[in-house]
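Structural description and commentary
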Amino acid sequence: MVEEIGKTVEGDLIINVGPQHPATHGVLHLVLTLNGETIKKVEPHLGYIHRSIEKMCESLSYRQFIYSTSRMDYLSAHINNHACALCVEKGLGIEVPARAQVIRVLMDELTRIASHELWWGAMAMDLGAFTPFFHAFRERETINDIMEETCGARLTMNYNVPGGVMADLHPNFQERVKNFLKLYKLKIHEYDELVTGNIIFQNRMKGVGYLSKEDAISYGVTGPAARGSGVSSDIRKLYPYEIYKQLEFDEILETEGDSFARYMVRLREMNESIKIIEQLIDNIPDGDFQAKTKAVLKLPKGEFYQRVETARGELGVYIVSEGGTTPYRIKFRSPGFSNLSALDHMARGGKIGDLVATMGTLDLVIPDIDR
Amino acid sequence: MFIVDYIKDIYGAIRSLLVGMNRTGYYFTHHKEIITQNYPENRLELNLPERFRGEVVMTHDENNEHACTGCSACELACPNGTIKIINKFDISPEGKKKKAIDTFVYHLELCTMCNLCVDACPTGAIKMAQTFEHSVYNRGLLTKQLNKPGSKLKAGVE
């Protein structure tokens, strides 16, 4: 039987999940080869929303290209912008003011919580629970309001510019964030009551979509999906950028490697983000929010790489510069693409109902995969 | 003991479901905690933050004067070609030629509200407005002229 898995034989059923299937996120198209209800092969078909962002960036200046990366992983748009700004600053050798660094990290962590909250709601909805979605959006809305007030937009902020941030914090920012922390602590127990402890949910998650530590490494899985398999992959700890070195937080690791472990990693990671915000919110240093930069940015000839930890994993920005005002080549190493590559391995031999649970815990954002 | 574990499992399962139902029941009976906003009905009370990016507008004062010198900094800063500035040359009373804007064309349909043009403007002539209901029946209505007809440059702005 084992040899047969992965080979299409007569009598196998081939069905398409997506691109407009309600159980998929965005326009993911999966071609499933089934033997009865057992999955033999999962083939993701990509490219439905490919916008050639990498190619577009080649014709944009170093200030302009940052906005387009908000449209990759739109749930951690601020972190994407952060990565690009960091990479340009690395090339130019700009020292970012301390205030800008703290603002960036605060916004990063707020984005991470917002992203994980949306994932939590969508994940429960994938498994058939509709109410958690609204509970998650209640807290997420508070973060969106903070973003709207300070950055000017709710989702595609474009708040990072080379050298700092676009505008100073709004006077209400600290108070609003403290209100959010209060609300979060008041409501977080509901997440466990509604979903985590639920016996139906646990039965659908535990032992489903197993990914071993070795496989996670060989498929290049990063982020919470890898940490659920016990792979230490938090860029904030391994290759600290900005002020993460001075902050106290733990890297969450679970060793089971199943869907439930990945679920727990994300839930616990939200608490770590809260810890970081609490450390910073009362200690925002005074000073400039933006370093003085030239009107036209020109990166010196060479190659620059910067990685950051988004809500989904490691995002790498690779810029090749010829010394001009626009990059010669830009490559994004997006976490979603590598995480999706492990889906076939994880789903093989499982049941079709478990595929949705496995996919949900990978937290796929399709624009991030297609770019 | 197999039987004891079995009963324990069933008890735990029922308990977990009841805990979840308790939470649902709490919100069923506490209507004040529901925070849903009825959007089209509350349109008049909607207060968007001042930094919210809805569309680019040009500020005019009561004398119908603006601060745009036609330097094209916004046009260069825009990543999408949203802004197009058509300049003309005014002849001053002394007989000198002076550059001024004729039309400030703004393509709302191309705009991604990235705020780079407002950031680039050296005189603060343009800003982001808080309007957000942009749908129209005709695509041509989305191409706008931002300087009002008959407006001219404020005195003292270079």
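Everything below is about the structure printed above this text.
Notes on the structure in this doc start here.

The next point concerns the overall build of chain B. Of the regular secondary structure elements, chain B holds three helices and seven strands. On C-alpha atoms alone, chain B measures out to a radius of gyration of 28 Å, which is more than a quarter above the 15 Å that the 2.2 N^0.38 rule sets for 158 residues. Relative to its full complement of 158 residues, chain B shows a buried share of 33%. Taking the contacts inside chain B whose residues are at least 6 apart along the sequence as the reference set, 69% of them involve residues at least 24 apart. Where the 19 positive side-chain charges of chain B centre and where its 18 negative ones centre are 2 Å apart.

This part takes up the pairing of strand S3 (residues 83-91) of chain B. Residues and elements named next belong to chain B. Relative to strand S4 (residues 97-107), S3 runs antiparallel, the two sharing nine bridges. Bridge pairing in S4 links Ile 91 to Lys 97. Where S3 folds back onto S4 in an antiparallel hairpin, the turn is made up of five residues, including Gly 95, whose phi is positive at roughly 90 degrees.

This part is about the nonpolar core. Residues and elements named next belong to chain A. Among the nonpolar cores identified, the biggest contains 79 residues, and Phe 65 and Leu 110 are the most heavily contacted of them. Counting residues per element, this core draws most heavily on helix H4 (residues 98-126), at 12 residues. Counting 24 residues, the second largest nonpolar core, distinct from the first, contains Val 42, Ala 226, Leu 340 and Leu 355.

Moving on, we come to the sheet that holds S3(B). Residue and element names in this part refer to chain B. An order of S3-S4-S6 is seen for the three strands of this open sheet, with the pairing classed as antiparallel. Each edge of the open sheet is held by one strand with a lone partner, namely S3 and strand S6 (143-145). The mean inter-strand angle of the sheet, taken between neighbouring strand axes irrespective of direction, is 25 degrees.

Residues and elements named next belong to chain B. Structurally, the position occupied by Asn 64 is in the loop between strand S1 (55-58) and strand S2 (65-66). Residue classification places Asn 64 among the partly exposed positions, given a relative accessible area of 23%. C-alpha of Asn 64 to C-alpha of Val 4: the two residues are 60 residues apart in sequence and 85 Å apart in space. Once residues within four sequence positions are removed from consideration, Asn 64 is found in contact with Lys 148, Pro 149, Gly 150, Ser 151 and Lys 152.

Residue and element names in this part refer to chain A. Applying the stated rule across the entire model yields 33 salt bridges over all chains. Glu 89 serves as the salt-bridge partner of Arg 104, at 2.7 Å between the closest nitrogen and oxygen. Highlighted residues: Arg 104 in helix H4 and Glu 89 in helix H3 (residues 77-92), separated in sequence by 15 residues. For Arg 104, a relative accessible area of 0% puts it in the buried group.

Residues and elements named next belong to chain A. Where helix H11 (residues 259-281) meets helix H14 (residues 352-362), the axes come as close as 9 Å, and the angle between the chain directions of the two elements is 30 degrees. Looking at the two axes, H11 sits roughly parallel to H14. Note on packing geometry: the crossing formed by H11 with H14 is left-handed. Packed against H11, whose contacting residues are Ser 259, Arg 262 and Arg 266, the element H14 presents Ala 357, Thr 358, Thr 361 and Leu 362 at the interface.

With that settled, consider a nonpolar patch on the surface. All names here are of chain B. A surface patch of nonpolar side chains, amounting to about 770 Å² of accessible area, comprises Phe 2, Ile 3, Tyr 6, Ile 7, Ile 10, Ile 14 and Leu 18. As for its position among the elements, Phe 2 is in helix H1 (residues 2-29). You can call Phe 2 exposed: its relative accessible area is 66%.

The subject of this paragraph is H14(A). Residue and element names in this part refer to chain A. For H14, a buried count of eight out of 11 residues is recorded, marking the element as mostly surrounded by other parts of the structure. Among the residues of H14, Leu 355, Val 356, Ala 357, Thr 358, Met 359, Gly 360, Thr 361 and Leu 362 are the ones counted as buried. Trailing H14 by a residue or two, Asp 363 shows a phi angle of about 55 degrees, which is positive.

Moving on: the packing of H4(A) against helix H6 (residues 173-196) of chain A. Residues and elements named next belong to chain A. As a packed pair, H4 and H6 sit with axes 13 Å apart at the nearest point and diverge in direction by 25 degrees. Between H4 and H6, the interaxial angle falls into the category roughly parallel. H6 is crossed by H4, and the crossing has left-handed handedness. Here Leu 106, Met 107, Leu 110, Ile 113, Glu 117, Trp 120 and Ala 124 of H4 lie close against H6, whose contacting residues are Phe 173, Val 177, Phe 180, Tyr 184, Tyr 191 and Val 195. Of the residues in the contact of H4 with H6, the class split is 12 nonpolar, no polar and one charged.

Opposite the 30 residues of chain A that make contact, chain B presents 26 residues. Taken together, the connections running from chain A to chain B amount to two salt bridges. Between Glu190(A) and Arg23(B) there is a salt bridge, with the nearest N and O atoms lying 3.2 Å from each other. Applying the counting rule to chain A against chain B returns 17 residue pairs in polar contact (both at pLDDT 80 or more).

With that settled, the discussion passes to unusual backbone geometry. Residue and element names in this part refer to chain B. Phi is positive for Met 113, close to 55 degrees, though the residue is something other than glycine. For Met 113, the location among the structural elements is in the loop between S4 and helix H3 (116-120). For Met 113, a relative accessible area of 17% translates into the label buried. Phi is positive for Asn 115, close to 75 degrees, though the residue is something other than glycine. Note that Asn 115 resides in the loop between S4 and H3.

Thresholds applied
Residues numbered from 1 in each chain as written. Chains lettered and ligands numbered in written order. Predicted model: local features only at pLDDT ≥ 70, side-chain atom pairs only at ≥ 80, totals over all residues. Heavy atoms only, no water. Helix = DSSP H or I, 4+ residues; strand = E, 2+ residues; numbered from the N terminus. Rg over C-alpha atoms; globule rule 2.2 N^0.38 Å. Buried < 20%, exposed > 50% of the residue type's maximum accessible area, 1.4 Å probe, protein only. Contact = heavy atoms within 4.5 Å. Lys, Arg positive; Asp, Glu negative; His and termini not counted. Charge placed at Lys NZ, Arg CZ, Asp CG, Glu CD. Pairing = 2+ DSSP bridges. Core = buried A, V, L, I, M, F, W, Y, C linked by side-chain atoms within 4.5 Å. Axes fitted to C-alpha atoms, helices over the stretch in contact; angles between N-to-C directions. Salt bridge = Lys/Arg side-chain N within 4 Å of Asp/Glu carboxyl O. Parallel < 35°, antiparallel > 145°, perpendicular 65-115°, else oblique. Left-handed = near helix turned anticlockwise from the far one by under 90°. Patch = residues over 30% accessible without salt bridge, like charges linked within 9 Å, V, L, I, M, F, W, Y side chains within 5 Å. Areas by Shrake-Rupley, 256 points an atom, 1.4 Å probe, with all protein chains shown as cover. Nonpolar A, V, L, I, M, F, W, Y, C, P; charged D, E, K, R; others polar. Polar contact = N/O pair within 3.5 Å; in protein donor to acceptor, adjacent residues only side chain to side chain.

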